[in-house]
Amino acid sequence: TREEHHDKEFVMKALSTKHTVFGPYPFSSNSWNTFFQLPEKFLSNRDAVLAYVSNKEFQNDFRNELFEVPEKLRDDKEVMLAVCNKNAAALSIASERLKDDRDVVLAVIHSIDPSYRFETNLKYASQRLRMDKELILEAIRSFDLVEGEEFFWFDHLLLRDMSLEEEKEILDAALNLIRDCKHSGTSFGFLRHFSTSLRDCEEAMSKAVKLNLCSIHWCSRKLRVS
């Protein structure tokens, strides 16, 4: 009823159980059914957004589009944690403060969203976090490596601004994942994103070459000659 449609208690219960009483995309800017849109007062309501995101249908609704978090909530850590965990692309509209928040970026890395893979959204993280060794290692561990694919998302990282020892750890983690997945056919083009110092390090690059001879292409000229 119209009264229920404007009643907060009813709306909150519906959002957390079966929000389809309001139409399939109550928060989508591309909704095809405007008749059942929520009243404006709920569209930027913190509790309503959290209730909706917690609904198991949320992920299906936003499988192929960005969930447009209301602007006034984009600096709300609890809201953005909940959204990024299910819609990794939401990091692109998070506040600058939260793009620099380790917990929020970890939520993106561990996102259960099947369409917006976290790797394509790491570019929205702050510079500081794109050179955070532990965060990058966690991303590698969470990466679903496919045969013939590469760590294409390494171009979002700032590996060359890291220490040589940190780069070595990251390379080892990537090589271990390739080895564990038995994906020796994986493209080693990701090596180009490491520093010249790393690619001039015989200890590090020999591990890649042993796994795939083609990776010698990314070694320094000195190593290739030797």
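Here, the structure is the one placed above.
Residues numbered from 1 in each chain as written. Predicted model: local features only at pLDDT ≥ 70, side-chain atom pairs only at ≥ 80, totals over all residues. Heavy atoms only, no water.

**Q** So what exactly am I meant to see when it comes to the packing of aromatic side chains here?
**A** How two aromatic rings sit relative to each other is set out by the distance from centre to centre and by the angle between their planes. Per the counting criterion, the structure on display carries 10 aromatic pairs. The interplanar angle of 70 degrees and the centroid separation of 4.9 Å between the aromatic rings of Trp153 and Phe154 together place this pair among those described as edge-to-face. Given a relative accessible area of 0%, Trp153 falls into the buried group. (Phe/Tyr/Trp six-rings, centres within 6.5 Å; stacked < 30°, edge-to-face > 60°. Buried < 20%, exposed > 50% of the residue type's maximum accessible area, 1.4 Å probe, protein only.)

**Q** Help me out: how do you make sense of the pattern of salt bridges in this one?
**A** Pairs may arise between side chains of opposite charge once their charged atoms sit close together. Scanning all chains against the criterion turns up 15 salt bridges. Of the charged contacts in the structure, one is a salt bridge between Asp76 and Arg46, with a shortest N-O distance of 2.5 Å. Separated by 30 residues along the polypeptide, Asp76 in the loop between helix H5 (58-61) and helix H6 (77-84) and Arg46 in helix H4 (residues 46-54) bring together distant segments of the chain. Here Glu134 ties to Lys133 by a salt bridge, and the two come within 3.4 Å at their closest N and O atoms. With relative accessibility at 39%, the residue Glu134 sits in the partly exposed group. Through salt bridges with shared partners, a single ionic network connects Arg46, Asp76 and Glu78. (Salt bridge = Lys/Arg side-chain N within 4 Å of Asp/Glu carboxyl O. Helix = DSSP H or I, 4+ residues; strand = E, 2+ residues; numbered from the N terminus.)

**Q** Would you mind going over the nonpolar core with me for this structure?
**A** Looking at soluble globular proteins, one finds that nonpolar side chains tend to be buried together. Within the largest apolar cluster, 60 residues are counted, with the highest numbers of intra-cluster contacts made by Ile140, Phe151, Trp153, Phe154, Ile170, Phe190 and Phe194. Breaking this core down by element, the ones donating at least two residues are H4, H6, helix H8 (102-109), helix H9 (133-142), helix H10 (164-180) and helix H12 (202-211). It is H10 that provides the largest number of residues to this core, a total of seven residues. Discounting chain neighbours no more than four positions away, the residues touching Phe194 are Phe154, Leu159, Arg160, Glu167, Ile170, Leu171 and Arg199. (Core = buried A, V, L, I, M, F, W, Y, C linked by side-chain atoms within 4.5 Å. Contact = heavy atoms within 4.5 Å.)

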